[in-house]
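Spelled out, the chains give:
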Amino acid sequence: MVNFIWLLMIVAGIVTAMMNGKVEVVTKAIFEAGEQSITLILGIAAIMMVWMGILKLAEDAGLMKALARLLLPLIKR
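Here goes a summary of the coordinates provided. (Residues numbered from 1 in each chain as written. Predicted model: local features only at pLDDT ≥ 70, side-chain atom pairs only at ≥ 80, totals over all residues. Heavy atoms only, no water.)

## Focus: the overall build of the chain
At step 1: What the chain contains, in helices and strands, is three helices and zero strands.
At step 2: Listed N to C, the secondary structure of the chain is α-α-α in terms of helices and strands.
At step 3: The C-alpha radius of gyration computed for the chain amounts to 24 Å, which surpasses the reference 11 Å derived for 77 residues by more than 25%, pointing to a less compact arrangement than a globule.
At step 4: Considering only C-alpha atoms, the chain reaches an extent of 65 × 30 × 15 Å along its principal axes.
At step 5: For the chain, buried positions account for 3% of its 77 residues. (Helix = DSSP H or I, 4+ residues; strand = E, 2+ residues; numbered from the N terminus. Rg over C-alpha atoms; globule rule 2.2 N^0.38 Å. Buried < 20%, exposed > 50% of the residue type's maximum accessible area, 1.4 Å probe, protein only.)

Below is the structure:
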């Protein structure tokens, strides 16, 4: 249902832009938003790779098991 509402709002915006002769503004906004989303995704992916690498090193070193044993009394409840 929510997808239908979003689709309806997008179509209504495009139709309104067509009726007002502002289609180029909508096209420009679409491309700018696409560019921003790719930049955001690449930044988030880089951060995730670094932290996943650090956690993998901690796991291989046995730090995760030691931390789990240390926190077990707090988590048990």
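Picking up after the structure, the text goes on.
## Comments concerning a nonpolar patch on the surface
At step 1: On the surface, a nonpolar cluster with roughly 820 Å² of combined accessible area is contributed by Met 1, Val 2, Phe 4, Ile 5, Trp 6, Leu 8 and Met 9.
At step 2: By secondary structure assignment, the location of Ile 5 is in helix H1 (residues 2-20).
At step 3: With a relative accessible area of 41%, Ile 5 lands in the partly exposed category. (Patch = residues over 30% accessible without salt bridge, like charges linked within 9 Å, V, L, I, M, F, W, Y side chains within 5 Å. Areas by Shrake-Rupley, 256 points an atom, 1.4 Å probe, with all protein chains shown as cover. Salt bridge = Lys/Arg side-chain N within 4 Å of Asp/Glu carboxyl O.)

## Comments concerning the environment of Met 64
At step 1: Here Met 64 is to be found in helix H3 (residues 63-76).
At step 2: Taking C-alpha positions, Met 64 is 23 Å from Ala 45, a pair spaced 19 residues apart along the chain.
At step 3: Among residues more than four places away in sequence, those in contact with Met 64 are Leu 55, Ala 58 and Glu 59. (Contact = heavy atoms within 4.5 Å.)

## A look at the pattern of salt bridges
At step 1: Per the counting criterion, the structure on display carries one salt bridge.
At step 2: We note a salt bridge from Asp 60 to Lys 56, for which the minimum N-O separation is 3.7 Å. Taken as a pair, Asp 60 and Lys 56 lie in helix H2 (residues 23-60) at a separation of four residues, close to a single helical turn.
At step 3: Using a relative accessible area of 57% as the deciding quantity, one classes Asp 60 as exposed.

## Concerning H3
At step 1: End to end, H3 covers 19 Å across 14 residues, agreeing with the expected 20 Å (1.5 Å per residue, within 8%).
At step 2: At Leu 70, H3 is deflected by roughly 45°, the largest bend along its length, and proline Pro 73 occurs up to four residues later in sequence.
At step 3: Burial analysis of H3 places just zero of its 14 residues in the buried class, a small minority of the element. (Expected span 1.5 Å × (residues − 1). Bend = angle between axes of the 7 residues up to and from the residue.)

## Considerations on the environment of Gly 21
At step 1: Relative to the assigned elements, Gly 21 resides in the loop between H1 and H2.
At step 2: Remark: the alpha-carbon pair of Gly 21 and Met 49, spanning 28 residues in sequence, is separated by 45 Å.

## A look at H1
At step 1: With 19 residues, H1 extends 27 Å from end C-alpha to end C-alpha; this agrees with the ideal 27 Å at 1.5 Å per step.
At step 2: Looking at the residues trailing H1, positive phi occurs at Gly 21, about 75°.

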